[in-house]
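Working through the structure, step by step
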Amino acid sequence: MATKLLMRWNIRAEREAEYSDFVANEFIPRINKLGMVEIQAWYTVYGESEQILISGVTQTVDQMTYILNSDEWDRLRQRLDELVDDFSTKVIPANAGFQL
């Protein structure tokens, strides 16, 4: 069964440029290389939600588990943690369209 990872966070003040560079040039390409596809990102302009929502899909739960338990994921998360606050994740069955 296809599985989706939802990730949410807020960008730390004064780290926006560094954050944008990391996400565009390292985070997204590396999680894609690990096997996550259909990566989508949303930026919250108005409301009470976190600033950023990113999702990615794997074909199986086992593939998602492998990614989330990998050393590469740990390195990416550690770097991301330096740039963001309020990081959270949720793994759900993948459906078409926007999911929360």
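Residues numbered from 1 in each chain as written. Predicted model: local features only at pLDDT ≥ 70, side-chain atom pairs only at ≥ 80, totals over all residues. Heavy atoms only, no water.

Concerning the environment of Val61
As a reminder, the rule being used: Helix and strand definitions follow DSSP, with helices as H or I runs of at least four residues and strands as E runs of at least two, each counted in order from the N terminus. For the exposure calls, accessible area comes from a 1.4 Å probe over protein chains only, and a residue counts as buried if that area is under 20% of its type's maximum, exposed if over 50%, partly exposed in between. The contact criterion used is simple: two residues touch if any of their non-hydrogen atoms lie within 4.5 Å.
Along the chain, Val61 turns up in helix α2 (residues 61–68). Taking the relative accessible area as the measure of exposure, Val61 reaches 43% and is therefore partly exposed. Distance in space between the C-alpha atoms of Val61 and Ile92 is 9.3 Å, their sequence separation being 31 residues. Setting aside its immediate chain neighbours within four residues, Val61 contacts Met1 and Thr3.

Section: the side chain of Ser55
Note on placement: Ser55 falls in strand β3 (residues 52–58). On the basis of relative accessibility, which here comes to 2%, the residue Ser55 falls in the buried class.

Digging into the pairing of β3
As a reminder of what qualifies: In this analysis, strands are considered paired if DSSP registers two or more bridges between them.
For β3, a buried count of seven out of seven residues is recorded, marking the element as mostly surrounded by other parts of the structure. Pairing between strand β1 (residues 3–11) and β3: seven bridges, direction antiparallel. Paired with Leu6 across the bridge in β3 is Ser55. Note that strand β2 (residues 37–43) and β3 share five bridges and pair antiparallel. Residue pairing in the sheet places Tyr43 in a bridge with Ile52 of β3.

Comments concerning the confidence of the model for the protein chain
Regions with low pLDDT should not have their predicted coordinates read in detail. Rules: The predictor reports its confidence for every residue as pLDDT, a score running from 0 up to 100.
When pLDDT is averaged across the protein chain, the result is 93; 96% of the residues are at 70 or more. By mean pLDDT, β2 is the weakest element of the protein chain at 92, and helix α3 (residues 71–83) is the strongest at 97.

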